[in-house]
Amino acid sequence: MKIKSIKKEKFHGKVYNFHCIPNENYFANSVLVHNCYKANTPSGSYMSIDTFKTIFDKMNQPRTMTQIAFGVDAECKTNPDIWKIMDYALENGVVPNVTVADIDDDTAKNIVKRCGACAVSCYERDKNRCYDSILKLSSEAAKIGRHEFKVNMHLLVSHQTEKFVFEVLDDILHDGRLAGLNAVVFLSLKQKGRGKAFSKMDDDVYARVIKFVNDHGISYGSDSCGANRLMKSLQSYYDGKENGAEMYERALGCIEPCESFGMFSLYLNVNGVYYPCSFMEGEGDWKEGIDMLKINDFFNDVWNGEKVRKAREEMLKCAKCNGGCTKCPYYEI
């Protein structure tokens, strides 16, 4: 087959992706195609323990780091060094956290043993993998008496997942596997990568989601990207209620604007390259990141360096007035 042209088209709806080991190549209509995304499988790339130690030691001088949220594959098996990496963080006073989607009993034991918390992503294609993973984690924590260990659920809020979001919230009320769930965390849509196939959830629908969790006493949270929408929905929810103004002000005290862009968090990819957040890799002013393996003084060369300082100043313009001005400087959320 001769290919005459390739063009980009916008599409809103379900998109099916074939995961083909070992190199993500397959034939579609007699045309050889390739999945252009990082494969979170044993064939995907990962950071070695040696690279992690090198970067960690640079960043934690002086010892100001408190926690690391590790990005792993759904089963937490891609990186053979992951437990060594977490142990090194713990030995140096830094708490590891991780997000998974479909884990076995042994992985649950390793996570509960080491992490302060674990988030489990919930996907419409198979929510039971999420629910079973939450049960494994919460049961293991109860078994060994780690009551401070928290299990959260990550749930994407978008136009396409609207029905599924309410389905999951109803399950939280009735499915026994979720009895040990700490909170559901709503993730805002960023139209990057696979997110380009989705569109923003309507504001009135999002407000109904927030009303549902409040009315039913479901513990919930939101990524800081969605702070503005959450504040608006809570303001509407508490309006007219007894002590509503006081309750709204109390809620505002728990909501923070974006913590990235040189505020108090950062993102490193598997190659040890710094970006303000995971969604900024290769975007805007961050077509190229900062290679942490090539720098010596993290605080002066990176954190207080010109590029990060500029990003921080731009973010502060968006976050000066907590209660209405916080917003992402790059994505429409």
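This section reports on the structure supplied with the text. (Residues numbered from 1 in each chain as written. Predicted model: local features only at pLDDT ≥ 70, side-chain atom pairs only at ≥ 80, totals over all residues. Heavy atoms only, no water.)

## Description of the environment of Ser139
Here is step 1: You can see Ser139 is positioned in helix α4 (residues 127-144).
Here is step 2: Looking at Ser139, the relative accessible area reads 38%, which means it is partly exposed.
Here is step 3: Taking C-alpha positions, Ser139 is 9.7 Å from Lys109, a pair spaced 30 residues apart along the chain. (Helix = DSSP H or I, 4+ residues; strand = E, 2+ residues; numbered from the N terminus. Buried < 20%, exposed > 50% of the residue type's maximum accessible area, 1.4 Å probe, protein only.)

## Concerning the packing of helix α2 (residues 82-91) against helix α3 (residues 105-114)
Here is step 1: Interhelical geometry of α2 versus α3 gives an angle of 10 degrees and a closest axis separation of 10 Å. With respect to α3, the element α2 is oriented roughly parallel. Each of Trp83, Met86, Asp87 and Leu90 in α2 lies in contact with α3, whose residues at this interface are Thr107, Asn110, Ile111 and Arg114.
Here is step 2: Class assignment for the residues of the contact of α2 with α3 results in four nonpolar, two polar and two charged. (Axes fitted to C-alpha atoms, helices over the stretch in contact; angles between N-to-C directions. Parallel < 35°, antiparallel > 145°, perpendicular 65-115°, else oblique. Contact = heavy atoms within 4.5 Å. Nonpolar A, V, L, I, M, F, W, Y, C, P; charged D, E, K, R; others polar.)

## What to know about α2
Here is step 1: Buried residues of α2: Ile82, Trp83, Ile85, Met86, Tyr88 and Ala89, and no others.
Here is step 2: Tucked into the core, α2 has its buried residues touching α1 (49-59), β3 (67-71), β4 (95-100) and α3.
Here is step 3: Gly93 occupies a position one or two residues after α2 and carries a positive phi of about 75 degrees.

## A few points about the pattern of salt bridges
Here is step 1: The tally for this structure, following the rule as stated, stands at 15 salt bridges.
Here is step 2: We note a salt bridge from Arg114 to Asp87, for which the minimum N-O separation is 2.7 Å. Within this pair, whereas Arg114 is found in helix α3, its partner Asp87 is found in helix α2, the two being separated by 27 residues in sequence.
Here is step 3: Put simply, Arg177 and Asp132 hold a salt bridge, and the shortest N to O gap is 2.9 Å. Of the two residues, Arg177 sits in the loop between α5 (162-174) and β7 (183-188) while Asp132 sits in helix α4, which places them 45 residues apart along the sequence.
Here is step 4: We classify Asp132 as partly exposed; its relative accessible area is 32%. (Salt bridge = Lys/Arg side-chain N within 4 Å of Asp/Glu carboxyl O.)

## Notes on the pairing of strand β5 (residues 117-121)
Here is step 1: Most of β5 is tucked away, with five of its five residues classed as buried.
Here is step 2: Here β5 shows two buried faces, one formed by Ala117, Ala119 and Ser121 and the other by Cys118 and Val120.
Here is step 3: Taken together, β4, α3 and β5 constitute a β-α-β crossover, and its handedness is right-handed.
Here is step 4: As judged from the five bridges shared by β5 and strand β6 (residues 150-157), these two strands associate in the parallel manner. Bridge pairing in β6 links Cys118 to Val151. (Right-handed = clockwise from strand over helix to strand, strands pointing away. Pairing = 2+ DSSP bridges.)

## A few points about the environment of Met292
Here is step 1: If you trace the backbone, Met292 turns up in the loop between β11 (290-291) and α9 (298-303).
Here is step 2: On a C-alpha basis, the gap between Met292 and Leu268 in space is 8.5 Å, while along the polypeptide they are 24 residues apart.
Here is step 3: Beyond its immediate chain neighbours, meaning those up to four positions away, Met292 contacts Ile55, Lys58, Met59, Leu268, Gly272, Tyr274, Phe298 and Val302.

## A few points about unusual backbone geometry
Here is step 1: Here Gln61 and Pro62 are connected by a cis peptide whose omega angle stands at -5 degrees.
Here is step 2: Turning to its location among the elements, Pro62 is positioned in the loop between α1 and β3.

## Quick look at the sheet that holds β7
Here is step 1: Spatial strand order, β3-β4-β5-β6-β7-β8: six strands in an open sheet with parallel pairing. Two strands lie at the open edges of the sheet, namely β3 and β8 (220-222), each paired on one side alone. Here the strands of the sheet are splayed against their neighbours by 25 degrees on average, with no regard to which way each runs.
Here is step 2: Of the strand pairs in this sheet, β3 and β4 are connected by five bridges, and their pairing is parallel. Within β4, the residue paired with Gln67 across the bridge is Val95.

## Focus: the nonpolar core
Side chains that are nonpolar tend, in soluble globular proteins, to be buried together.
Here is step 1: Core analysis: the largest hydrophobic core is formed by 86 residues, its most contacted members being Ile111, Leu137, Met153 and Leu169.
Here is step 2: Leaving out residues up to four positions away in the same chain, Leu137 has contacts with Ile103, Ala108, Ile111, Val112, Cys118, Val120, Phe149 and Val151. (Core = buried A, V, L, I, M, F, W, Y, C linked by side-chain atoms within 4.5 Å.)

## Remarks on the packing of aromatic side chains
Here is step 1: This model, assessed by the stated rule, comprises twelve aromatic pairs.
Here is step 2: Here the aromatic rings of Phe186 and Tyr220 are separated by 6.3 Å at their centres, their planes lie at 40 degrees, and the arrangement is tilted. Placement of the pair is Phe186 in strand β7 and Tyr220 in strand β8, with a sequence separation of 34 residues.
Here is step 3: Here Tyr220 falls in the partly exposed class, since its relative accessible area comes to 24%.
Here is step 4: Through pairs of rings, three or more aromatic residues link up here, namely Phe52, Phe56, Phe70 and Tyr88.
Here is step 5: Here Arg125 stacks its cationic end above the ring of Tyr123, 4.5 Å away from the centre of that ring.
Here is step 6: Directly above the ring of Trp286 sits Lys307, whose terminal nitrogen or CZ lies 4.3 Å from the centroid. (Phe/Tyr/Trp six-rings, centres within 6.5 Å; stacked < 30°, edge-to-face > 60°. Lys NZ or Arg CZ within 6 Å of the ring centre and 35° of its normal.)

## A closer look at α4
Here is step 1: In this model α4 runs 26 Å from its N-terminal to its C-terminal C-alpha over 18 residues, within 8% of the 26 Å that 1.5 Å per residue would give.
Here is step 2: All of the buried residues in α4 are Lys127, Cys130, Tyr131, Ser133, Ile134, Leu137, Ser138, Glu140 and Ala141.
Here is step 3: Looking at the buried positions of α4, the neighbouring elements they touch are α3, β5, β6 and α5.
Here is step 4: One or two positions beyond α4, positive phi appears at Gly145, with a value near 75 degrees. (Expected span 1.5 Å × (residues − 1).)

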